[in-house]
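# Overview (structure and organization)
Listed below are the residues making up each chain.
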Amino acid sequence: MLIDILRLQNDRRLVSVVMGVMLIPIVWFIGPDWPDWIGFAGHPVTMQVRLMTRAVSVAIPIVGLLMISRADTHRVYSRTVLGVSLAMALILLGINLQRPFGTALHMRTPLMFVIAMYGAFPNTFRRQITAPLLFTAGAILLRIFWLTDSSGGDRATDILILLVVNLTGVAMVYRRRVLEREVSALWERESLARADAERAFTELKTLRGIINICAYCQKIHDEAGAWQQIEAYVREHTEAEFSHGICPDCLTEHFPGL
């Protein structure tokens, strides 16, 4: 349907713009991590792994942009967005897992990713909430067991904020899907009504053409080659029904005494 095509185009455009914007902080955070990389200068394997992880984090949005721009059906689009969002969630968790034990995990980075996933990666309900929920679970585990905030931040408050943002995001996605189903149902009903109107108009047009009628008995020569009573022909091609009466001229001719 036309509404599905329009929705696919709008969804692809929105995801492409947001993924392009998300490239900016991904590249930006390479600078703050540079001192940590220098600390691993004596460990070339660790250094290579960290560099490779950062390179993959930059490549995922770029490849995702290309793949999403080529998605020509909702099924392909849905699978592509799910795959890209899961890949971004896992690579961001991997980057934080590579940070030294006990360093600070600021909530701005997880919140930015979670909000983007809920607000700007339209998909089916289950597929859209999968990546942010997975990333949130991983971020909470990192915050508890690996990245303790050295600045003395309240860990319970950070976790509570993540949970509230996720609950709000799930509710927003669910509501959006309900509205999309309602719009699709209304569009379908309107399309059916339009089709019925066009079909009725077509049937009326058949009675506006040239109708072959017998000059004596008034039977009509129909499309199948048969001769029908005029009442039967009109009833078959329209919604009209007949009831019998008598006109004044026939009344005088046939019943002169009345």
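Above this text you will find the structure in question.
Residues numbered from 1 in each chain as written. Predicted model: local features only at pLDDT ≥ 70, side-chain atom pairs only at ≥ 80, totals over all residues. Heavy atoms only, no water.

## As for the pattern of salt bridges
Close approach of charged atoms allows side chains with opposite charge to pair. Under the criterion given, the structure shown has 4 salt bridges. In this structure, Glu-180 and Arg-176 form a salt bridge, with 2.6 Å as the shortest nitrogen-oxygen distance. You can see Glu-180 and its partner Arg-176 sitting in helix H7 (residues 155-206), 4 residues apart, about one turn around the helix. The salt bridge involving Arg-177 is made with Glu-180; its shortest N-O contact spans 2.7 Å. On the criterion of helical spacing, the pair formed by Arg-177 and Glu-180 is a turn pair, its members being 3 residues apart in helix H7. (Salt bridge = Lys/Arg side-chain N within 4 Å of Asp/Glu carboxyl O. Helix = DSSP H or I, 4+ residues; strand = E, 2+ residues; numbered from the N terminus.)

## Remarks on the packing of helix H1 (residues 2-28) against helix H5 (residues 108-120)
Look at H1 against H5: their axes get within 11 Å of each other, and the N-to-C directions meet at 170°. Classified by the interaxial angle, the pair formed by H1 and H5 is roughly antiparallel. Where H1 approaches H5, its residues Leu-14, Val-15, Val-18, Met-22 and Pro-25 are matched on the opposing element by Met-112, Phe-113, Ala-116, Met-117, Gly-119 and Ala-120. Here the residues of the contact of H1 with H5 sort into 10 nonpolar, 1 polar and no charged. (Axes fitted to C-alpha atoms, helices over the stretch in contact; angles between N-to-C directions. Parallel < 35°, antiparallel > 145°, perpendicular 65-115°, else oblique. Contact = heavy atoms within 4.5 Å. Nonpolar A, V, L, I, M, F, W, Y, C, P; charged D, E, K, R; others polar.)

## Some remarks on helix H6 (residues 125-145)
For H6, spanning 21 residues, the distance from its first C-alpha to its last is 31 Å, which sits close to the expected 30 Å at 1.5 Å a residue. Residues of H6 that are buried include every one of Gln-128, Ile-129, Ala-131, Pro-132, Phe-135, Thr-136, Gly-138, Ala-139, Ile-140, Leu-142 and Arg-143, and no others. (Expected span 1.5 Å × (residues − 1). Buried < 20%, exposed > 50% of the residue type's maximum accessible area, 1.4 Å probe, protein only.)

## What to know about the nonpolar core
Membership of the largest hydrophobic core comes to 38 residues, with the highest contact counts inside it found for Met-19, Met-22, Tyr-77, Met-88, Phe-113, Phe-121 and Phe-135. Mapped onto this core, the elements with two or more residues apiece are H1, helix H3 (44-69), helix H4 (74-97), H5, H6 and H7. (Core = buried A, V, L, I, M, F, W, Y, C linked by side-chain atoms within 4.5 Å.)

## Here's the deal with H5
In an α-helix, one turn spans 3.6 residues; hence positions three or four apart end up facing the same way. Across its 13 residues, H5 extends 17 Å between first and last C-alpha, which sits within 8% of the 18 Å expected from 1.5 Å per residue. Buried within H5 are the following residues: Pro-110, Leu-111, Phe-113, Val-114, Ala-116, Met-117, Tyr-118 and Ala-120.

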